[in-house]
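Structural characterization, general
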Amino acid sequence: MTADHKFLIEQIASGDKQALAALYKALERPVYKFIVSRLNDPHEANDILHEVFMDVWRSAGRFEGRSKVQTWVFGIAYRKSIDVMRKRGRVDLTDEQPDLVDDSPDQETCLAAGQEAEHVRHCLETLKDDHRSAITLAFYQDMTYGEIAEVAGVPEGTVKTRIFHAKKLLMRCLQGRVERTVA
C-alpha cells in the first residue's frame, strides 16, 4: 500500500485529480479520526481534513520520499491541528464524540462494549494532548515510534517517553473504572 501511495503522490504532483481522489479515499478515515481525537470537534475536523488534502495537492511535488506518504500526510494534519488549538488557546474537551454504532445482535454485549468504549474515550481525553496524540498514532494508526516522531517533529526517545507515561496514566484511569465496578 505504501508503494501505491507513493505512486499516487507522483501522479498528484503531475496534476492528476483522480490520484488525489484515490489518496483521499485511502487516507480519509484514519486522518479524520486522528484530527477529531485532537480537536474533539467533528465539524472542525472536516474542515481541517479538507485543508490537509488541499496541502497535499499543492505540495505533492515537494514530497521527497524520506518517509511514508501516510506519515507525511499525518504530519500535515498534526501541524494543522496544532494551529487550530493555538488559535483556540486550548483544547475544549467538553464536547462528546459521536458514539460508534455496533450492529452486534447481543444487546447486553453491545451495551457493555459501549460503556467500556466510552470509558476508554474518557480516559484518553484526560491525557495531555502530546500523550493522547502519541497513543492515537501508535495504537489506532499502527505507526512506529520513528513515524510518530516524524509526525510530531520530536525525537524518537520523546515519543517513547510520552507513550510510556500515557500508558501508565491510562491504566490508572481504567483500573479506577474496574475498582468502582467491582465495589
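Counting restarts for each chain, with residues numbered from 1 along the sequence as it is written. With the structure being a predicted model, the display of local features is reserved for residues of pLDDT at least 70 and the display and counting of side-chain atom pairs for 80 or more, all residues being used for whole-chain, interface and lining totals. Excluding hydrogens and water, the side-chain figures rest on all heavy atoms present in the structure.

Concerning the overall build of the chain
For clarity, the cut-off: Secondary structure elements are defined from DSSP: runs of H or I of at least 4 residues count as helices, runs of E of at least 2 residues count as strands, and each element is numbered from the N terminus. Whether a residue is buried, partly exposed or exposed follows from its accessible area with a 1.4 Å probe, protein chains only, as a fraction of its type maximum: under 20%, in between, or over 50%, in that order. Residue contacts are defined here by distance: any two heavy atoms, one from each residue, within 4.5 Å place the two residues in contact. With residues, only the protein chains shown are counted as cover, and all accessible areas are computed by Shrake-Rupley using a 1.4 Å probe.
What the chain contains, in helices and strands, is eight helices and zero strands. Going from the N terminus to the C terminus, the chain shows its helices and strands as α-α-α-α-α-α-α-α. When burial is assessed residue by residue, the chain has 40% of its 183 residues classed as buried. Taking as baseline every contact in the chain between residues at least 6 positions apart, the subset at least 24 positions apart corresponds to 67%. On the chain, roughly 11200 Å² of surface is accessible, and the fraction owed to carbon and sulfur atoms is 53%.

A closer look at the packing of helix H2 (residues 17-39) against helix H3 (residues 42-59)
Selection rule: Note on definitions: angles span 0 to 180 degrees between N-to-C directions of axes, and those axes are lines fitted to C-alpha atoms, for helices only across the stretch in contact. Every angle not falling under 35 degrees, over 145, or within 65 to 115 is termed oblique; those three ranges are roughly parallel, roughly antiparallel and roughly perpendicular. For any helix crossing, the convention is left-handed if the near helix is rotated counterclockwise from the far helix by under a right angle, and right-handed if that rotation is clockwise.
Relative orientation of the contacting elements H2 and H3 amounts to 140°, with a least axis distance of 9 Å. Looking at the two axes, H2 sits oblique to H3. The handedness of the crossing between H2 and H3 is right-handed. Here Lys17, Leu20, Leu23, Tyr24, Leu27, Glu28, Val31, Tyr32, Ile35, Val36 and Leu39 of H2 come into contact with H3, specifically with Pro42, Glu44, Ala45, Asn46, Ile48, Leu49, Val52, Phe53, Val56 and Trp57.

Remarks on helix H6 (residues 129-140)
Cut-off, in case you're wondering: Expected helix span is taken as 1.5 Å per residue step, with the number of steps being one fewer than the number of residues.
The first and last C-alpha atoms of H6 sit 15 Å apart over twelve residues, in line with the 16 Å expected at 1.5 Å per residue. Across the twelve residues that make up H6, a large majority, nine, are buried. Within the span of H6, buried status applies to Asp129, His131, Arg132, Ser133, Ala134, Ile135, Thr136, Leu137 and Ala138. Count one or two residues on from H6 and you reach Asp142, which has phi positive near 55°.

Some remarks on the environment of Glu28
Position of Glu28 relative to the elements: it lies in helix H2. The class for Glu28 is partly exposed, based on a relative accessible area of 33%. Apart from residues no more than four positions distant in its own chain, Glu28 is found in contact with Leu49 and Phe53.

Section: empty space enclosed by the protein
Definition in use: Site definitions follow a grid-based scheme: protein atoms alone, a 1 Å grid, a 1.4 Å probe that fits but cannot get out for cavities, and for pockets an open set with protein on both sides within 12 Å along at least five of seven lines, plus lining residues having an atom within 4 Å of a point. Grid points are joined across faces, edges and corners, and a volume is the space filled by probe spheres set on the points. Under the convention adopted here, Pro, Cys and the residues Ala, Val, Leu, Ile, Met, Phe, Trp and Tyr are nonpolar, Asp, Glu, Lys and Arg are charged, and Gly plus all remaining residues are polar.
Under the counting rule described, the total for this entry stands at one cavity of 30 Å³ or more. In this structure, the largest cavity occupies an estimated 30 Å³ of space. Lining of the largest cavity is provided by Tyr78, Asp130, Ser133, Ala134, Leu137, Ile148, Ala152, Val159 and Arg162. For the lining of the largest cavity, the secondary structure elements donating two or more residues are H6, helix H7 (145-152) and helix H8 (156-182). For the lining of the largest cavity, the class distribution of residues is six nonpolar, one polar and two charged.

Notes on the state of the cysteines
For clarity, the threshold we go by: Disulfides are defined as cysteine sulfur pairs within 2.5 Å.
This structure, assessed with the given rule, holds one disulfide. The disulfide bridge from Cys123 ends at Cys173, spanning 2.1 Å between sulfur atoms. Residues Cys123 and Cys173 are joined by a disulfide whose S-S torsion is about -80°; by sign, that bridge is left-handed. Here Cys123 is found in helix H5 (residues 107-126), whereas its partner Cys173 is found in helix H8, with 50 residues between them in sequence. This pair shows no difference in class: Cys123 is buried, exactly as Cys173 is.

Some thoughts on the layout of surface pockets
Roughly 220 Å³ of internal volume is contained in the second largest pocket. For the second largest pocket, the lining is made up of 13 residues, of which Phe63, Arg66, Ser67, Trp72 and Glu150 are closest to its centre. Within the residue set of the lining of the second largest pocket, elements represented by two or more residues are helix H4 (69-88) and H7. The element contributing the most residues to the lining of the second largest pocket is H4, with four residues. Considering only residue class, the lining of the second largest pocket consists of three nonpolar, five polar and five charged.

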